[in-house]
Amino acid sequence: MKLFHKVFLCFVVLFGIAFQAAGVLLIDYAYENAIEQEKKYALQQFQYNKYILQSILYSEPDFLWVQEGNPEIRASFTAPVALYDSDKNRIYSNMIMEPNMLDFTGSGEGRLAFRICQKEGDSYIYVYDHVRQGESEAYLVTQTDISSVVDIQRNMTAYFQRIYLIILCIGFPLIFLLTNLLTGSIKKVGKAARRIARGKYSERIHVGTKDEIGQLAADFNQMAEKIEEKVRELSKAAKAKEDFTANFAHELKTPLTSVIGYADMLYQRELSRKQVREAAGYILHEGMRLEALSLKLMDLFVMDRQDFLLEKLETGGLFENLRPGILPVCGKHGVRLHMDIEEDEIAVEFDLFKTMILNIIDNAVKAECSDIWITGRREKTCYQICITDNGKGIPPAELGRITEAFYMVDKSRSRKQHGAGLGMALVAKIAQLHRAGMRVQSDGRTGTTVRITFGLSEGGHSEEGV
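Our subject in this report is the structure included herewith. Note that this is a predicted model, so its numbers are computed, not measured.

The rules we used
Residues numbered from 1 in each chain as written. Predicted model: local features only at pLDDT ≥ 70, side-chain atom pairs only at ≥ 80, totals over all residues. Heavy atoms only, no water. Axes fitted to C-alpha atoms, helices over the stretch in contact; angles between N-to-C directions. Helix = DSSP H or I, 4+ residues; strand = E, 2+ residues; numbered from the N terminus. Left-handed = near helix turned anticlockwise from the far one by under 90°. Contact = heavy atoms within 4.5 Å. Nonpolar A, V, L, I, M, F, W, Y, C, P; charged D, E, K, R; others polar. Expected span 1.5 Å × (residues − 1). Bend = angle between axes of the 7 residues up to and from the residue. Core = buried A, V, L, I, M, F, W, Y, C linked by side-chain atoms within 4.5 Å. Buried < 20%, exposed > 50% of the residue type's maximum accessible area, 1.4 Å probe, protein only. Polar contact = N/O pair within 3.5 Å; in protein donor to acceptor, adjacent residues only side chain to side chain.

What about the packing of helix α7 (residues 350–366) against helix α9 (residues 423–433)?
Now for step 1: Where α7 contacts α9, the axes come no closer than 9 Å and their chain directions differ by 145°. Crossing geometry of α7 relative to α9 is assigned as left-handed. On the side of α7, the interface is formed by L352, T355, M356, N359, I360 and N363, while α9 contributes G423, M424, L426, V427, I430, A431 and L433.
Now for step 2: Class assignment for the residues of the contact of α7 with α9 results in nine nonpolar, four polar and no charged.

Encoded structure:
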């Protein structure tokens, strides 16, 4: 059963029971009040006729034993009465309906008794008591007609039932609308959830209330935003994997085609020594490219799957240990190295740090620079390392993509120099492992500056982005 049906049914049942109970209690209350008023009136009638009987007995002690039909008796009383002797035998009665078996055992002088009797649609209140005057005594019973009160009670009950049915007929649509109003917001949440399940992740709910339903809608919207954000991230990651696979296949295709082509030429033809050396040179060149590609990929995969322990090292000693590895790279291309490192301590993993710096230097020398400047300075709560070259630079429009795997600004130059487009991706990954910020600046004409910022405060993170 749906929530709408449950709420609607509960409202109908509760409304029906409450309204019926209220009506019954109200009618019963009115009837009881009316009966009490009739009892008071009957008591007055009884007391008045009792005084009459006592007066008669006082003046005529033998009055009770005259003939029953004597009109003087009928004219003496103001209401239908019945008289009984001390043995409970009826002496006189002018009542319309005789009461059945009145219990005189509990009555005595001054002890009134009431009884309500119904017969053939008529209702009466009987009041009876023991009456004594001198030597004479009798039981007096008075009759008061309350049929009008009972009829009113019946009419009120019938009228209420008609009103009850009319109210129910009017109430059902109102209850339906109220239930729809209460469950409408929940239905909106359900519809939005189904649309999100169909892929419409931008779906949101607008509920103007501030009650629990409104809070539910706000929580749902917040959840939808998180889902949409995660879907974007997953889509971006999936796209990155697709691009990575496509680029990887492309990077493999070119050298493998060359290797297979030249190897086939060496196998199929009789070539001169010079031609054999040229073919072997091409195979060697492309093989070195494949080797560099495999090593870079291995480094990326290893860094994604290992935890590295960072230890605090002196910056001066750190770069002095790196100098022997940097100088051959610079010397091979005739690049002058300038180092100015301010002493401080930074938390690094030495081998990863060395790989990061050498990759940045390698990119710089491939940009055909003549000088490279490496500086290290403390900046408040961080330590910043800047590596600047005066090479060809990077177009500003492409700065945001240089950390993508296989991305190369100048593809022909990179391949000629055994580049695979993974150097800056490695640098960004290593900076991330060190919780360091990286920023690359270039105007595309006068060289490039790479800034690596290490936090010095405990648990600190650099605010500079990659």
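Having put the structure on the table, let's press on.
So, helix α3 (residues 147–197)
Now for step 1: Compared with an ideal rise of 1.5 Å per residue, which puts 51 residues at 75 Å, α3 spans 71 Å between its outermost C-alpha atoms and is within 8% of the ideal.
Now for step 2: The largest bend in α3 comes to about 40°, at T183.
Now for step 3: G199 sits one or two positions beyond α3 and adopts a positive phi of about 110°.

Some words on the nonpolar core
Now for step 1: If you look at the biggest cluster of nonpolar residues, it comprises 37 residues, and the most contacted ones within it are F353, M356 and I372.
Now for step 2: Per-element tally for this core: the top contributor is α7, with eight residues.
Now for step 3: With near-sequence residues (within four places) excluded, M356 lies in contact with V427, I430, A431, I452 and F454.
Now for step 4: Counting 18 residues, the second-largest nonpolar core is a separate cluster that includes I35, L57, L83 and I91.

Overview of α7
At 3.6 residues per turn, the α-helix brings residues three or four places apart onto the same side.
Now for step 1: If you check α7, its first and last C-alpha atoms are 24 Å apart, about what 17 residues at 1.5 Å a residue would give, namely 24 Å.
Now for step 2: Within α7, burial applies to L352, F353, M356, I357, N359, I360, I361, A364, V365 and K366.
Now for step 3: The backbone nitrogen of L352 lies 2.9 Å from a side-chain oxygen of the residue at the head of α7, namely E349.
Now for step 4: The positive-phi residue at the C-terminal boundary of α7 is E368, with phi of around 60°.

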